[in-house]
Structures are given as structure tokens and as C-alpha cells.
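Listed here are the chains, written in short residue letters.
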Amino acid sequence: MKKIIVQKFGGTSVADTERIKHVAQVVVKEKNNGNDVVVVVSAMGHTTDHLVKMAHEINSQPSEREMDMLLSTGECVSMALLTMAIQSLGYDAVSFNAAQVGIYTENVHNKARIIDIKTEKLRKNLNEGKIIIIAGFQGITEDGEITTLGRGGSDTSAVALAAALNAERCDIYTDVEGVYTTDPRVVPNASKLDEISYEEMLELAHAGANVLHPRSVETAKQHEVPLRVRSSFKTENLGTLILGVEKMEINKPVAGVAEDSSQVRIVVCDIPDTPGEAATLFGSLAEKNVSVDMIIQSYARKSSNTNDIAFTINKSDLPRAQEVLNTVKEKLQAGDIKIDENIAKVSIIGAGMIDRPGIASTMFKTLAESGINIRMISTSEIKISCLINKEDASKAVKALHDVFNLGCEEVADVKGTLPDC
Ligand code: ADP
Ligand code: ASP
Ligand code: MG
């Protein structure tokens, strides 16, 4: 049996017809290597952004179902055009949307999770020697409703297909040469990583490194799909391999720095300090499918026996959160609700920070020396995140990237002190 390679091309890679023709060359090259090839495509260039803009020009609160109907069309355009480009090179190719393949998701609009992928049709077409092109980002429910997987979700379509087909590898082709120590468009001396663990990549992606959709990394880790991020333009380069942490030698305490400016902070003030209040608040948000990231509860004030709960959510979930917050406020007999959109989250990530003291204090000191105020902190075993003012985000990323010496190859020997570059 031939090996199956899944390739995914992002929006920039298929931004115009010339680029689509170039992608067709990359695809047939893989086919000529003797592999079966399944390709997943994103919408062309900024198509999805344009569709979102048009929807909001027509209706300030478009229904989630119709947004999915609209946004799923972007990927269908690139899928058909790429198939035509491959056919014009003399190869047999066929395109399918998610409904035709059977990419089943849960019954949730805008950020559905894939629950099952049917492979019969794909295997039949591969056995006939065809190259298959699939529309990323979309799925279908059991009832035949169109869903989408969340912005950037074509990465997840590709990895889930690779897992379902037991593919040899999933190659994510994009507009940078791999995964870098931070966004190379923000910090020009960011270094490209040859490899990174699933665990670190998952934290980086959740922390805002949008080079990979977080759920694609989650799926790759779960099914042990070998995953590569590489350039559509410099295809001879192997990019970054994402693999299990046990296979890696970890030298540096911090592998990368990420920034996320897409969150908002909500503070519910003066909540009576009694059991079950947090469960009521976050239960109501969960019912509306609002994911919460950082959470801080203040000490109870003795005078009023109340406390405040501050948390962050994605900006796109704010309208849904607002639908429940006023009801919850009454239920809890809480005080004001404050919403702050002028925030950004900066995070440092690294499996090497486990058992190495001094990393958090270096981060806080660096932000302080840059005159940046920390408004919330959260940590996991391999990540420290600080919420700061949005205008300080780039400065914070650059300072943290510098202090942890990520711009150079030298290995850090950390117990608080870091080597010079
Ligand atoms: P695509 O359209 O191919 O899916 P994306 O725009 O979703 O591409 O992701 C690629 C972009 O991710 C890069 O252009 C880069 O600006 C950004 N990015 C953010 N963090 C990182 C990082 N740590 N490494 C590489 N790219 C990053
Ligand atoms: N086109 C979708 C987006 O722009 C999905 C993707 O590109 O992965 O978010
Ligand atoms: Mg992307």
C-alpha cells in the first residue's frame, strides 16, 4: 500500500491564481514521490475576513448558522480552483467538500469539533490514483447542517484527516518557514525551531501563536500524527517537526513567546462569598459555549462578605457572554460588570521551565523594567501568562524574547541567570 501524505495550504499560499498554480506543482511533486496525496485548502487570501465584514455590514448580529453557511463558501472556491490547476498539469484530481466526504462535527456553529470522518470515499478515490482536494475549516452535523471549526480551523481539518487515514505525515504549508521562537513578523530576529514538542506547541498555539490552530495540535498529539510546519514558497526546507516531548532533548527553559490580543477581560464585582457562585457564573457561560481562559477570584472583603471574579474570554464570544451576564448578575445579586477590551496576553512557554526556579521572576522583572504593568497572571506547568495593556504587547514580546535569549542559538543554563547572546 502506498503511503498517504496530507498537505494543507493556508490562505496566503492560495491567495491568487498564480499561487494556486504554484501549489499545484508542490502537490504533484509529492504524488511523483510515489505517495497518495490528500490536500486540504483554506479560503484564498483574506476571503474569510471579507465575508465576515460583509455579513456585519448587513446585520450587526448575524445568526451563527448563516455565518457558517457564508464562511464555508471560501474554502470551496480554492478547492475547485486548485483541482483545476492540478488537472491542467495532466493529473487526475477531484475535490470534495466536508459533506461529500463525511467530516462530521458536533452540532455547534462557529467552533464545532470534529467527531468522525468517513474514509470510504477517500480510499476509493485514492485507489483510483486520484489526488484529492478537500475544503478545510468546514464540517457537517448528523442532521446535514453546515458547521465551521473556528478561525484557522483548516489546520485541524488536515490533521484530523491525517489521523483518520493513518497518514504517514501531515504537512502544514504556510507563509513562514516553520514555527519560530515568536512571531517573526513582530520580532525579526526570532529563530526557527527545527523541532518542538506537541505539549509546547499546544501551549504556544493557545497563547496566540496562530501558525497552528490549537485543536490541530491537540489532535496530532492524541493520534501521534507526525506534523510539519513548512513554507509554501521554499518547499525544499523541512520546516519544523512537531513531535512527542519524550523524543526531544530540552536545553532551553523557554522555547517561545506568544501574544494574544483577541481577548477581553470581564470583572464581575461584589459577588456574595457563598458556595456555588463561581459554578453558577461559569456554568451559565459554558451553556452558551463561551470558553473562559484566565480566572482570578479576589479575597473576600470582610466588610461586605463579597469578592470579585475577573476572567478573560475571546472577543468573538463577547456577544454570547453578554446575553447571560445580566441574568447571572441578578441571580448572584452581584454588583457591576466591567468589560475591558484594551488588553493583551503575553506568554512564555517551555517544557524546560519545569523544576527550574527563577523563570517567573525573570519574566515579571523584565516586564517591570520595561514599565509594563501586569494585570493578571496565570500559569501551567510549562507556561506563564501575563495580562497587560494592549499597547504594551509588542514591547513585552520583544523584551521577553531578548531576556530568554531566543534570538540566538546559545543554550541557556538557567538558575535565574541567562547567558549573553
Ligand atoms: P495560514 O494562512 O497559512 O494558515 P496563518 O496566518 O494562519 O497562515 O499562520 C501563519 C502566521 O502565523 C505567520 O505569518 C506568522 O505571522 C504567525 N505566527 C505567530 N506566531 C508564530 C510563530 N511562533 N512561528 C511562526 N509563525 C507565527
Ligand atoms: N479560512 C478560515 C480562516 O480564515 C480557516 C483557515 O484559514 O484555516 O479562519
Ligand atoms: Mg492558519
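All figures in this text were calculated on a predicted structure; none of them were measured in a lab.

### Some thoughts on helix α2 (residues 47-58)
- A rise of 1.5 Å per residue sets the reference length of α2, with its 12 residues, at 16 Å; its end C-alpha atoms lie 17 Å apart and thus fit the reference within 8%.
- The complete set of buried residues in α2 reads Thr48, Leu51 and Ala55. Burial along α2 is one-sided: seen end-on, the buried residues are contained in an arc of 60 degrees. Among the exposed residues of α2, those oriented more than 90 degrees off its buried face are His50, Lys53 and Glu57.
- Residues of α2 that are buried in the fold lie against α3 (64-88).

### Remarks on the packing of helix α9 (residues 277-287) against helix α10 (residues 318-332)
- Packing of α9 against α10 brings their axes to within 9 Å, and their N-to-C directions diverge by 155 degrees. One way to sum up the angle between α9 and α10 is to call them roughly antiparallel. Crossing geometry of α9 relative to α10 is assigned as right-handed. Taken together, the residues of α10 that come into contact with α9 (itself represented by Glu277, Thr280, Leu281, Ser284 and Leu285) are Ala321, Val324, Leu325, Val328, Lys331 and Leu332.
- Partitioning the contact of α9 with α10 into residue classes produces 7 nonpolar, 2 polar and 2 charged.

### Notes on the packing of aromatic side chains
- Applying the stated criterion across every chain, the model contains 2 aromatic pairs.
- Measuring from ring centre to ring centre gives 4.7 Å for Phe9 and Tyr173, while their planes differ by 10 degrees; the resulting arrangement is stacked. One end of the pair, Phe9, is in strand β1 (residues 4-9); the other, Tyr173, is in strand β9 (residues 169-174), and 164 residues separate them in sequence.
- Considering the side-chain rings of Phe282 and Phe311, the 5.2 Å spacing of their centres and the 75 degrees angle between planes classify their relative orientation as edge-to-face. One end of the pair, Phe282, is in helix α9; the other, Phe311, is in strand β16 (residues 306-314), and 29 residues separate them in sequence. Each member of the pair, Phe282 as well as Phe311, carries the same accessibility label: buried.

### Some remarks on the sheet that holds strand β10 (residues 195-197)
- Strand order in the open sheet formed by 8 strands is β3-β6-β2-β1-β9-β11-β12-β10, and the pairing between neighbours is mixed. A single partner strand is all that each edge strand has here, and the edge strands are β3 (93-96) and β10. Each neighbouring strand pair of the sheet contributes to a mean axis angle of 20 degrees, computed without reference to strand direction.
- Across 5 bridges, β1 lies against β9 in parallel orientation. Following the sheet pairing, Val6 is matched in β9 by Cys170.
- Each of β10 and β12 (240-243) touches helix α7 (residues 198-206); the most contacted strand, β10, lies at about 85 degrees to it.

### Brief notes about the site of ligand 1
- Around ligand 1 there are 17 residues in total, and Thr174, Asp175, Tyr180, Asp183 and Arg185 lie nearest to it.
- The separation between a nitrogen atom of ligand 1 and a polar main-chain atom of Tyr180 is 2.9 Å.
- Contact distances for ligand 1 include 2.9 Å between an oxygen atom and a side-chain N or O atom of Arg185.
- Surface burial for ligand 1 is 86%, taken as the share of its 570 Å² of free accessible area covered by protein chains.
- Here the residues of the shell around ligand 1 are counted per class, giving 6 nonpolar, 7 polar and 4 charged.

### Quick look at the site of ligand 2
- Residues in close proximity to ligand 2 include Ser42, Ala43, Thr48, Glu75, Phe137, Arg151, Gly152, Gly153 and Ser154, which together make up its full environment.
- Between an oxygen atom of ligand 2 and a side-chain N or O atom of Ser42, the distance comes to 3.1 Å.
- Between ligand 2 and the protein, one listed contact pairs an oxygen atom with a side-chain N or O atom of Arg151 at 2.6 Å.
- In the complex, 86% of the free accessible area of ligand 2, which totals 260 Å², lies under the protein chains.
- Its residues placed into classes, the shell around ligand 2 shows 2 nonpolar, 5 polar and 2 charged.

### Let's talk about the sheet that holds strand β18 (residues 343-349)
- Pairing in this open sheet of 4 strands is antiparallel, and the strands run β13-β18-β20-β19 from one edge to the other. The strands lining the two open edges of the sheet, one partner per strand, are β13 (256-260) and β19 (376-380). Across the sheet, the axes of successive neighbouring strands diverge by a mean angle of 20 degrees, strand direction being ignored.
- Pairing of β19 with strand β20 (residues 383-389) involves 5 bridges; the strand directions are antiparallel. What sits directly across from Ser378, in β20, is Ser385.

### Details of the packing of α2 against α3
- Where α2 meets α3, the axes come as close as 9 Å, and the angle between the chain directions of the two elements is 150 degrees. When the axes of α2 and α3 are compared, the pair comes out roughly antiparallel. In terms of crossing hand, the pair formed by α2 and α3 is right-handed. Across the interface between the two elements, Thr47, Thr48, Leu51, Val52, Ala55 and His56 from α2 touch Met67, Leu70, Leu71, Thr73 and Gly74 from α3.
- For the contact of α2 with α3, the per-class residue count stands at 6 nonpolar, 5 polar and no charged.

Basis of the calculations
- Residues numbered from 1 in each chain as written.
- Chains lettered and ligands numbered in written order.
- Predicted model: local features only at pLDDT ≥ 70, side-chain atom pairs only at ≥ 80, totals over all residues.
- Heavy atoms only, no water.
- Helix = DSSP H or I, 4+ residues; strand = E, 2+ residues; numbered from the N terminus.
- Expected span 1.5 Å × (residues − 1).
- Buried < 20%, exposed > 50% of the residue type's maximum accessible area, 1.4 Å probe, protein only.
- Arc of directions from axis to C-beta.
- Contact = heavy atoms within 4.5 Å.
- Axes fitted to C-alpha atoms, helices over the stretch in contact; angles between N-to-C directions.
- Parallel < 35°, antiparallel > 145°, perpendicular 65-115°, else oblique.
- Left-handed = near helix turned anticlockwise from the far one by under 90°.
- Nonpolar A, V, L, I, M, F, W, Y, C, P; charged D, E, K, R; others polar.
- Phe/Tyr/Trp six-rings, centres within 6.5 Å; stacked < 30°, edge-to-face > 60°.
- Pairing = 2+ DSSP bridges.
- Near = heavy atom within 4 Å.
- Polar contact = N/O pair within 3.5 Å; in protein donor to acceptor, adjacent residues only side chain to side chain.
- Areas by Shrake-Rupley, 256 points an atom, 1.4 Å probe, with all protein chains shown as cover.

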